[in-house]
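# Architecture and fold: a report
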Amino acid sequence: MPIYEYECAACGRIAAHVMLGSRRAARPACPHCGASRTRRVMSSFAVVESETSRLANLDTSRRPDDSFYSDSRNVGLWAKKRARQMGVDLGSKFDETVEKARTGKLIKDME
Ligand SMILES: [Zn+2]
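To keep things clear, this report deals only with the structure shown in the data block.

What counts, and where the lines are drawn
Residues numbered from 1 in each chain as written. Predicted model: local features only at pLDDT ≥ 70, side-chain atom pairs only at ≥ 80, totals over all residues. Heavy atoms only, no water. Helix = DSSP H or I, 4+ residues; strand = E, 2+ residues; numbered from the N terminus. Buried < 20%, exposed > 50% of the residue type's maximum accessible area, 1.4 Å probe, protein only. Contact = heavy atoms within 4.5 Å. Areas by Shrake-Rupley, 256 points an atom, 1.4 Å probe, with all protein chains shown as cover. Donors = N, O, S within 2.8 Å, 3.2 Å for Na, K, Ca; no water. Tetrahedral: all angles 85-135°; square planar, octahedral: opposite > 155°, others 65-115°. Expected span 1.5 Å × (residues − 1). Arc of directions from axis to C-beta.

### Here we look at the overall build of the protein
A tally of regular secondary structure across the protein gives five helices and three strands. Ordered by position in the sequence, the α and β elements of the protein form the string β-β-β-α-α-α-α-α. When burial is assessed residue by residue, the protein has 30% of its 111 residues classed as buried. Sequence separation of 24 or more characterises 35% of the internal contacts of the protein that already satisfy a separation of 6 or more. Of the roughly 7700 Å² that the protein leaves accessible, carbon and sulfur atoms contribute 53%.

### Here we look at the side chain of Glu-7
In this fold, Glu-7 is placed in strand S1 (residues 3–8). In this structure Glu-7 comes out as buried when scored by relative accessible area, which is 13%. With residues up to four places along the chain from it excluded, the contact list for Glu-7 reads Gly-12, Arg-13, Ile-14, Arg-37, Thr-38, Arg-39, Val-41 and Arg-73.

### As for the coordination of the zinc ion
Surrounding the zinc ion are the protein donor atoms Cys-8 (SG), Cys-11 (SG), Cys-30 (SG) and Cys-33 (SG), at 2.3 to 2.4 Å. Its four donor atoms give the zinc ion angles of 106 to 115° at the centre, a pattern that matches the tetrahedral case. Donor residues for the zinc ion sit on one chain with the sequence pattern C-x2-C-x18-C-x2-C. Of this pair, Cys-8 sits in strand S1 while Cys-33 sits in the loop between strand S2 (14–18) and strand S3 (38–41), and the two are 25 residues apart along the sequence. Overall, Cys-8 belongs to the buried group, its relative accessible area being 3%.

### Some thoughts on helix H4 (residues 91–103)
Look at H4: 19 Å from first C-alpha to last across 13 residues, which is about the 18 Å you get at 1.5 Å a residue. For H4, the full list of buried residues reads Phe-94, Val-98 and Arg-102. The buried residues of H4 occupy an angular sector of 75° when projected down its axis, which confines them to one face. Facing away from the buried side of H4, by more than 90 degrees, are the exposed residues Ser-92 and Lys-93. Those residues of H4 that are buried are in contact with helix H1 (51–57) and helix H3 (77–85).

### Focus on H3
Leu-77, Trp-78, Lys-80, Lys-81 and Ala-83 are the residues of H3 that are buried. Backbone geometry just downstream of H3 places Gly-87 in the positive-phi region, at approximately 75°.

### Some points on the environment of Ile-14
Tracing the backbone through its elements, the reader meets Ile-14 in strand S2. Ile-14 sits 16 residues away from Cys-30 along the chain, and the two C-alpha atoms are 8.2 Å apart.

So, in structure tokens, the structure goes:
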């Protein structure tokens with residue numbers, strides 16, 4: 001049973017979908033925001049790691065360079081991992097802020 005990952009064009013999040021025979025051609029809607037503009041991504045490529053693996057692979061002993069942040073999905077990741085290592089609970093508010101930063105809503109809110 002093939003499992004594909006789809007990236008949402010609206011919110012940029014990735015969701016895995018199990019494709020069943022007749023539904024193979026249909027693109028699933030984003031489970032996070034409901035947008036129907038999704039594109040299939042190849043999960044075997046390192047650039048589409050899940051956040052879990054991104055967190056696991058992230059080396060917080062050195063500052064990430066600018067290219068790291070050119071991928072919006074990496075926004076907030078560094079702070080998140082550092083906080084986890086220090087045993088700090090950032091709470092849901094932090095996730096919300098990161099989400100806003102990733103989607104550009106934070107900038108809009110500050111305007
Ligand atoms: Zn979405």
